[in-house]
Amino acid sequence: MNDLNFLEINNNTIEALEKKLSVEEKNILSKCKKTMSKNIHYLKNLGIENIDELFEKYYYMFAIDESKFISIFDKYEKEDLIDKLNKNSSIIEFL
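Quick caveat, the model's predicted, so the values are computed rather than measured.

Reading the values: the criteria
Residues numbered from 1 in each chain as written. Predicted model: local features only at pLDDT ≥ 70, side-chain atom pairs only at ≥ 80, totals over all residues. Heavy atoms only, no water. pLDDT = per-residue confidence, 0-100. Helix = DSSP H or I, 4+ residues; strand = E, 2+ residues; numbered from the N terminus. Axes fitted to C-alpha atoms, helices over the stretch in contact; angles between N-to-C directions. Parallel < 35°, antiparallel > 145°, perpendicular 65-115°, else oblique. Contact = heavy atoms within 4.5 Å. Nonpolar A, V, L, I, M, F, W, Y, C, P; charged D, E, K, R; others polar.

Explain the confidence of the model for the chain here, please?
For any part of a model where pLDDT is low, the fine detail of the predicted coordinates should not be relied upon. Confidence in the prediction for the chain averages 90 pLDDT; 95% of positions are at 70 or higher. Highest mean pLDDT in the chain belongs to helix 5 (residues 66-74) (96); lowest belongs to helix 2 (residues 23-31) (86).

Given below as structure tokens:
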């Protein structure tokens, strides 16, 4: 999982994922590095500040195809979405 360091994810987040993910899940994440990187950068550019928290809890969402990932967030008013995600990461489940 150390190969996820380039995603600009905190080392503590990577270590926490290492402990809870199966070997199969780790392999899937390793294969989706480019997609995950694009999705992380999309959220950072959007103004989301709690990327590490989102990635640790909802890592599987970051492996979604970039266009599908963006379409999840594009349905909402940008400022409201940013505010809500930064205050409460769990709302991502309902998007």
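Resuming the write-up.
I keep staring at the packing of helix 1 (residues 11-20) against helix 4 (residues 51-58) and nothing clicks. Help me out?
Pairs of packed helices are described in terms of their axes, by the angle between the two and the distance that separates them. Where helix 1 contacts helix 4, the two axes come as close as 10 Å, and the packing angle between them is 5 degrees. The pairing of helix 1 with helix 4 is recorded here as roughly parallel in orientation. Residue-level inspection shows Thr13, Ala16, Leu17 and Lys20 of helix 1 in contact with helix 4, the latter providing Asp52, Phe55, Glu56 and Lys57. Along the lines of polarity and charge, the residues of the contact of helix 1 with helix 4 split into three nonpolar, one polar and four charged.

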